Each structure stands twice: as structure tokens, then as C-alpha cells.
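Summary of the model geometry
Take a look at the letters that make up each chain.
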Amino acid sequence: MKLTLKTALFSSIFLSVAIFSGCSSDSSGRVTHTQFCKNKYDKAEELFKKEKYGRVIDKAEEIMSYCAGTGYLEQTSFLLAESHFNLENWIEARGEYGSFIANFPGSPFAESAEFKKAICSFNMEFRVSRDEANTTVAMKDFERYLSNHPDTPLRDSINYYYGLLVERIAEKEFQTARLYLRMDKPQAAVIYFKEFLETYQQSKRRKEALFLTSQAYTDLDQFEAAREYLNMAKPEHKDDDKDGHKLLKKTEKKIAKAEEKFEKRMKKDSEKKRILKEEREMLN
């Protein structure tokens, strides 16, 4: 084990000495350190154009290690981030773009790096059943970009991505509300659905949420509220939406039937109470 460590250490030292001795300028015509780094960068850029991004990453990391002060770190840092981006290594790419922005804030590539950093956050793993931390991070990245670049021509693209992120959160809230309804907890479902409808008024789930809120109120025997939310769902359907209109009529009948059963149950309970009252009066 000690021999292996010594060998690795010696190899590392030898490599460093070989590189820098080969890069120093002298009368024999050997390349300078700066020329060495330029050659390395040119090779990395050539590989990037050939879409050999894995090899670019190796070359770029080597340049970042040995070429400080040569003027090639800025281009290399951006090339490294771009390579991870093209390989869809979203976490690594976001980290590299973040480092680039921090180290070279005045670079002409800084704005592009900040935008792509947000795109990386958008593409990181997301599942409705899990915590929406990645979605929140992506939203903050886009908000920061717009704050730093209010006149960006990319505003429409950012609004598109941001809208998708909002819909992710909306979907999670919708699924939570529907779960309560499936668990036969209509009161909790009503609370979550009403919050969903108020907060995410443009959600693609809005129409479905209105129907389910109506269902939850029906389960609670609150038929006036059930019809109110069903009526709110009517304008959401286009005239040629045959399935939607069938569902509306079906839901109306369901509410009416549930109300009829409720009234019968109330009459029956009232009759029982009347009989019990008469029996108590007779015994007295």
C-alpha cells in the first residue's frame, strides 16, 4: 500500500515537472506554458465540435488544473459546462455554470451560462410523489436570471419554462387533494381543492378539480355548494365537448339523487325521533 502511494505521488510530481518544463520558454524553441495551454484548449474545442463531450471534459479538467494565469480558464470553464450540458449531466452542468458565473461575472458568456443553469435545474429529476425541492430551485434560478437581465429576448422562453414549473407544483397539490377524497375524507379534500383552485387558476387540472370539489361537497351532504362548483365547471367546457357535457349531466343527476336520499334519511330520522318522543310521553 505504501509502495503504491509513493509510486502515485512520484508519477504525479513527474507529470507536473514534465508539463511545466515543456512549457517554459527558452532558446531551444520549446513551447511556452501559454502555448501549451492554447494547444490543449484548441484540441478540446476540436473535440467539442465533433461532439466528443466526454473527452472534452477530461481535457478541460486538465487545463483547469495546469493553466491558471494563461487566459484560457474562462473559455475552458464554459466549455466544460457546455459539455456536461450536452451529455445531460444536469447536476454537474448546473454546478459548472454556477462556478463560471461566480469566477467570470463579466464574461460575454455569463448571461448564457445563467440561463442554461436554470435549464439544468428544470431538467433535474422530478416526481410528483416526492419533495418539490428541485422545482423550487429551478424557479429561483429563472427568477434570478430575469432580475439580472430584465431586457432579455429570452423572456418568452423563460415564461414557458416557469409555467411548467408552476404546473408541477399544482399537480402535486391536486394529487394531495384527490388522495384525501379517495381516502373518504371529503372535508379535507374540500380544503385542499379550494386552495388549489384559488392558487392555480390557470392549471390544466382546474376543470377536473371543480368536478371533484363538487363531488366532495356531495359526500358532505352540502348540495348547494356542490351545485355551485358544478356550475363553475360549465364555462370550462367548449360547445363541442360532448364528453364534458355528458359528465356535467351525470354529475347533476348524482347530486340530485344524493340529495333525495339525504331528504329521505332525514325524514326517517325525524319519524324515529317523533315516535321515541311519543313513547317517552306515554311512559310519563
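Higher on the page you've got the structure.
Residues numbered from 1 in each chain as written. Predicted model: local features only at pLDDT ≥ 70, side-chain atom pairs only at ≥ 80, totals over all residues. Heavy atoms only, no water.

**Regarding the pattern of salt bridges**
Inspection of every chain in the model, using the stated rule, returns 15 salt bridges. Arg178 is paired through a salt bridge with Glu208; the nearest N and O atoms lie 3.1 Å apart. Here the residue Arg178 occupies a position in helix α8 (residues 155-182), and Glu208 occupies one in helix α10 (residues 206-219), the gap between them amounting to 30 residues. According to the relative accessible area criterion, Glu208 is partly exposed, its value standing at 28%. Glu260 serves as the salt-bridge partner of Lys264, at 3.6 Å between the closest nitrogen and oxygen. Separated by four residues within a single helix, Lys264 and Glu260 lie in helix α12 (residues 242-283), roughly one turn from each other. Taking relative accessible area as the criterion, Lys264 reaches 54% and is therefore assigned exposed. Each of the salt bridges in this network shares a partner with another, and the network as a whole consists of Glu171, Arg178, Arg205 and Glu208. (Salt bridge = Lys/Arg side-chain N within 4 Å of Asp/Glu carboxyl O. Helix = DSSP H or I, 4+ residues; strand = E, 2+ residues; numbered from the N terminus. Buried < 20%, exposed > 50% of the residue type's maximum accessible area, 1.4 Å probe, protein only.)

**Overview of the packing of aromatic side chains**
A complete count under the given rule lists 18 aromatic pairs for this structure. Each residue in the set Phe78, Phe85, Trp90, Tyr97, Phe100, Phe104 and Phe109 is aromatic and connected to the rest through ring pairs, giving one cluster. Just above the ring of Phe85 sits the side chain of Lys116; from NZ or CZ to the centre is 5.1 Å. (Phe/Tyr/Trp six-rings, centres within 6.5 Å; stacked < 30°, edge-to-face > 60°. Lys NZ or Arg CZ within 6 Å of the ring centre and 35° of its normal.)

**Quick look at the state of the cysteines**
One pass over the full model with this rule turns up one disulfide. One disulfide bridge connects Cys37 with Cys67, the sulfur atoms lying 2.0 Å from each other. Measuring handedness by torsion sign, the sulfur bridge of Cys37 and Cys67 sits at about -95° and is left-handed. Of the two residues, Cys37 sits in helix α2 (residues 33-49) while Cys67 sits in the loop between α3 (53-66) and α4 (73-86), which places them 30 residues apart along the sequence. On the basis of relative accessibility, which here comes to 0%, the residue Cys37 falls in the buried class. Looking at Cys67, the relative accessible area reads 1%, which means it is buried. (Disulfide = S-S within 2.5 Å.)

**Some points on unusual backbone geometry**
Its identity as a non-glycine residue notwithstanding, Glu88 has a phi of 60°, on the positive side. Position of Glu88 among the secondary structure elements: in the loop between α4 and α5 (90-103). On the basis of relative accessibility, which here comes to 53%, the residue Glu88 falls in the exposed class. With a phi angle near 65°, Asp221 is a residue other than glycine that sits in the positive phi range. With respect to the helices and strands, the residue Asp221 is situated in the loop between α10 and α11 (223-233).

**A closer look at the packing of α2 against α4**
Direction vectors running N to C along α2 and α4 enclose 25°, while the axes themselves pass 11 Å from each other. Classified by the angle their axes make, α2 and α4 are roughly parallel. In this structure, the crossing between α2 and α4 has a hand that is left-handed. Facing α2, whose interface residues are Tyr41, Ala44, Glu45 and Phe48, α4 presents Gln75, Thr76, Leu79, Glu82, Ser83 and Asn86. Each residue belonging to the contact of α2 with α4 can be placed in one class, and the counts come to four nonpolar, four polar and two charged. (Axes fitted to C-alpha atoms, helices over the stretch in contact; angles between N-to-C directions. Parallel < 35°, antiparallel > 145°, perpendicular 65-115°, else oblique. Left-handed = near helix turned anticlockwise from the far one by under 90°. Contact = heavy atoms within 4.5 Å. Nonpolar A, V, L, I, M, F, W, Y, C, P; charged D, E, K, R; others polar.)

**A closer look at the side chain of Glu167**
Tracing the sequence through the fold places Glu167 in helix α8. Despite its burial, Glu167 pairs with no opposite charge; the closest candidate is Lys204, at 5.1 Å N-O. Excluding its chain neighbours within four sequence positions, the residues that come into contact with Glu167 are Ser203, Lys204 and Arg205. (Lys, Arg positive; Asp, Glu negative; His and termini not counted.)

**Brief notes about the packing of helix α9 (residues 186-199) against α10**
The interhelical angle for the contact between α9 and α10, taken along N-to-C directions, is 150°, at an axis separation of 9 Å. Relative to α10, α9 is oriented roughly antiparallel. Where α9 crosses over α10, the two elements pack in a sense that is left-handed. On the side of α9, the interface is formed by Pro186, Ala189, Val190, Phe193, Lys194, Phe196 and Leu197, while α10 contributes Arg206, Ala209, Leu210, Leu212, Thr213, Ala216, Tyr217 and Asp219. Partitioned by chemical class, the residues of the contact of α9 with α10 number 11 nonpolar, one polar and three charged.

**Section: α11**
Among the residues of α11, those classed as buried are Phe223, Ala225, Ala226, Tyr229, Leu230 and Ala233. Buried residues of α11 fall within an arc of 160° about the axis and therefore sit on the same side. (Arc of directions from axis to C-beta.)

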